[in-house]
Amino acid sequence: MATKSLGKGKTLLIVLCAILFLACAFIDVWYVYVVLYGEVKQVVNTYEVGLQTLEDGSDTKYFIEVEYYSNENKNGYECFEIKFNYLLDEDKNAFYSQGLQYVTNSIDDKINLNLVNTSIESDHHWGALGNYYDRNLFYSYVPGDTTSFYNYASGNDYDTTILSTNPVGDGSYFRIQLDKDLFLMKFKSSYRENRNPSDYSQELDIDADYYSPAIYCWYKDSDYLLYDYSYFAQLLYNAMGSISNGTQSAAVFEFGNIFDYYAYDENLGTYDNQPIEDTTKVITDISSYYSIYVRKHADGIQKASQSLFNCVQGSSTFNISNDYAEDDYFIGRTIIDCDIYDFDYINIAEGYCLLSLKDSFVDYYSQYSDDISLSICIDLDRLSELNIKFYGFDTNSNLNKFSIYECYTQQVIDGEVVKTEVQNV
């Protein structure tokens, strides 16, 4: 009986092994078929990142803010800043922030992020007619000699600023919301081919030891660019050139597939790898759209308090303005809200008007001019309803009798209120 049972066991084992072998063989054959004849499929993931809101709704911030002092007026240092506001933990009860600052070393300098060759790798092959090389060149962006770089961090929106103890880099994750879901986002920080390899070029290699008149050398070059935070900064810095001075509004930027996203599983309390990996027949096409709050100034930065991080060149006391008055100058003054109804309209062309403070406003508030400051909001949507196009302020508007705390235009674009600073008031 034992011998018969053993025989049955052997038979069953052989059958199972045969089934497993056939299954593996089928998978291998199917894979080869897909590779050779399968249709290339494209999987599209679109991420739209905008405002981040705490769980209790007490605070809302843009994930990314950009402040750019272009120094076109040559009165300070050119300064470009990127601020990341992300959730401190999965409870979404507080924000934490990392900040990148690129600033020149003098008034006359310009910010430069140079594309630097970090390494060259070559593979040498012998061919029927001679030799050829595959040359891979690896590049990344680094600040040039005229530019200093600082990485700040803060847990209280830079009321207290520290030089980051965990600088943005390969291992940096940002905890963000996409709709109502929680994700970790990170820069890919990997080399990606920046252009298609050039065709083989036939060149006579007169320096090679193996040179002879009949032997030629072929080269094939491929450039690879590091997709990290410096590449991201370069993209944003270049984009600032097309944005007008005085802009204070949100803008949508597309960055393509330069980030990785990891979805949060609330049940497991862990993050999963969200991106679909590239395979032989599956191509991942990821489009990342970010709503970024942008501020751009024609002036250069002059004081630490003008920075998003309350620091310039690593110093909270940076000041080249020769103005050492306290930044809380307006504390103790009463801020008076001033809108389009406090102005008269002076027609200068078809539909275009200059605004001039009403005499009644000037007569009443001028007696308090030493104690008040004006906050001026020009509602462009309301003016449009009146068929009026704002062209600026009349030089005889008597605005010079008052201290101006702020002056901006306001309008709704794509469902979002956009505010833009008015300069030279």
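Residues numbered from 1 in each chain as written. Predicted model: local features only at pLDDT ≥ 70, side-chain atom pairs only at ≥ 80, totals over all residues. Heavy atoms only, no water.

### Comments concerning the pattern of salt bridges
Counted by the stated rule, this structure contains 11 salt bridges. Residues Asp-157 and Lys-61 are paired through a salt bridge, measuring 3.4 Å at the closest nitrogen-oxygen approach. One end of the pair, Asp-157, is in the loop between strand E9 (147-154) and strand E10 (162-163); the other, Lys-61, is in strand E3 (residues 60-62), with 96 residues separating them in the sequence. Judged by relative accessible area, Asp-157 falls into the partly exposed class, the value being 36%. Owing to a relative accessible area of 15%, Lys-61 belongs among the buried residues under this scheme. (Salt bridge = Lys/Arg side-chain N within 4 Å of Asp/Glu carboxyl O. Helix = DSSP H or I, 4+ residues; strand = E, 2+ residues; numbered from the N terminus. Buried < 20%, exposed > 50% of the residue type's maximum accessible area, 1.4 Å probe, protein only.)

### What to know about the pairing of strand E17 (residues 259-265)
Extensive coverage of E17 is indicated by the burial of 5 of its 7 residues. Summarising the sheet, strand E12 (residues 181-187) and E17 pair through 5 bridges and their orientation is antiparallel. From the neighbouring strand, Leu-184 faces E17, where its bridge partner is Tyr-262. (Pairing = 2+ DSSP bridges.)

### A closer look at the sheet that holds strand E20 (residues 334-338)
Read from one edge of the open sheet, 4 strands run E20-E23-E25-E26, paired in mixed fashion. Single-partner strands in this sheet number two, and they are E20 and strand E26 (416-421). Across the sheet, the mean angle from the axis of one strand to that of its neighbour is 25°, orientation sign disregarded. Here strand E25 (residues 403-413) runs beside E26; their pairing, made up of 6 bridges, is antiparallel. Directly across from Ile-413, in E26, lies its bridge partner Glu-416. (Axes fitted to C-alpha atoms, helices over the stretch in contact; angles between N-to-C directions.)

### A short note on the sheet that holds strand E24 (residues 389-393)
Read across the open sheet, the 3 strands follow the order E21-E22-E24; overall the sheet is mixed. Looking at which strands have only one partner, the edges of the open sheet turn out to be strand E21 (343-349) and E24. Within the sheet, the average angular offset between the axes of one strand and its neighbour, ignoring direction, is 40°. Pairing analysis gives 3 bridges linking strand E22 (residues 352-357) to E24, with the strands arranged parallel. Its bridge partner being in E24, Leu-355 is matched across the sheet by Phe-393.

### Focus: the nonpolar core
Counting residues in each nonpolar core, the largest one holds 44 residues, and the members touching the most others are Phe-63, Phe-80, Ile-82, Phe-84, Ile-176, Phe-232 and Tyr-290. When residues in this core are grouped by element, the largest group, 6 residues, is from helix H2 (residues 229-239). Ile-82 has contacts with Ile-64, Glu-65, Val-66, Gln-98, Gly-99, Leu-100, Phe-232, Ala-233, Leu-236 and Phe-309, leaving out every residue within four places of it along the chain. By size, the runner-up hydrophobic cluster in this structure holds 20 residues, among which are Ile-378, Leu-383, Phe-393 and Phe-402. (Core = buried A, V, L, I, M, F, W, Y, C linked by side-chain atoms within 4.5 Å. Contact = heavy atoms within 4.5 Å.)

### Remarks on a nonpolar patch on the surface
A cluster of nonpolar side chains, contributed by Ile-346, Ile-348, Tyr-352 and Tyr-391, occupies part of the molecular surface with about 380 Å² of accessible area. Residue placement: Ile-348 occurs in strand E21. (Patch = residues over 30% accessible without salt bridge, like charges linked within 9 Å, V, L, I, M, F, W, Y side chains within 5 Å. Areas by Shrake-Rupley, 256 points an atom, 1.4 Å probe, with all protein chains shown as cover.)

### Quick word on H2
By the criterion of burial, H2 is predominantly enclosed, with 8 of the 11 residues buried. All buried positions along H2 are accounted for by Tyr-229, Ser-230, Tyr-231, Phe-232, Ala-233, Gln-234, Leu-236 and Tyr-237. Regarding H2, its N-cap is Asp-228, as a side-chain oxygen of that residue lies 3.2 Å from the backbone nitrogen of Ser-230 further along. (Polar contact = N/O pair within 3.5 Å; in protein donor to acceptor, adjacent residues only side chain to side chain.)

### Observations concerning a negative patch on the surface
Residues Glu-48, Asp-179, Asp-181 and Glu-266 make up a contiguous surface patch of negative charge. Residue position: Asp-179 is located in the loop between strand E11 (174-178) and E12. (Lys, Arg positive; Asp, Glu negative; His and termini not counted. Charge placed at Lys NZ, Arg CZ, Asp CG, Glu CD.)

### Overview of the side chain of Asn-151
Mapping Asn-151 onto the fold places it in strand E9. Here the side chain of Asn-151 touches Gln-98 through a polar contact of 3.0 Å, side chain to side chain. Leaving out residues up to four positions away in the same chain, Asn-151 has contacts with Gln-98, Gly-99, Leu-100, Ile-162, Leu-163, Ser-164, Pro-167 and Val-168.

### A few points about the packing of aromatic side chains
Note on aromatic pairs: each is described by the distance of the centres and the angle between the planes. In the structure shown here, the tally under the stated rule is 41 aromatic pairs. With a centroid separation of 6.3 Å and an interplanar angle of 80°, the aromatic rings of Phe-84 and Phe-187 are classed as edge-to-face. Pair noted here: Phe-84 is in strand E5 (residues 79-87) and Phe-187 is in strand E12, with a separation of 103 residues, a long-range link. No difference in accessibility class separates Phe-84 from Phe-187, as the two residues are buried. In textbook terms, an aromatic cluster arises when at least three aromatic residues are bridged by ring pairs, as seen for Phe-63, Phe-84, Tyr-86, Tyr-96, Phe-174, Phe-187, Phe-232, Phe-253, Phe-255, Phe-259, Tyr-261 and Tyr-290. For the cation-ring pair, Lys-186 lies above Tyr-173, with the distance from its terminal atom to the ring centre recorded as 5.9 Å. (Phe/Tyr/Trp six-rings, centres within 6.5 Å; stacked < 30°, edge-to-face > 60°. Lys NZ or Arg CZ within 6 Å of the ring centre and 35° of its normal.)

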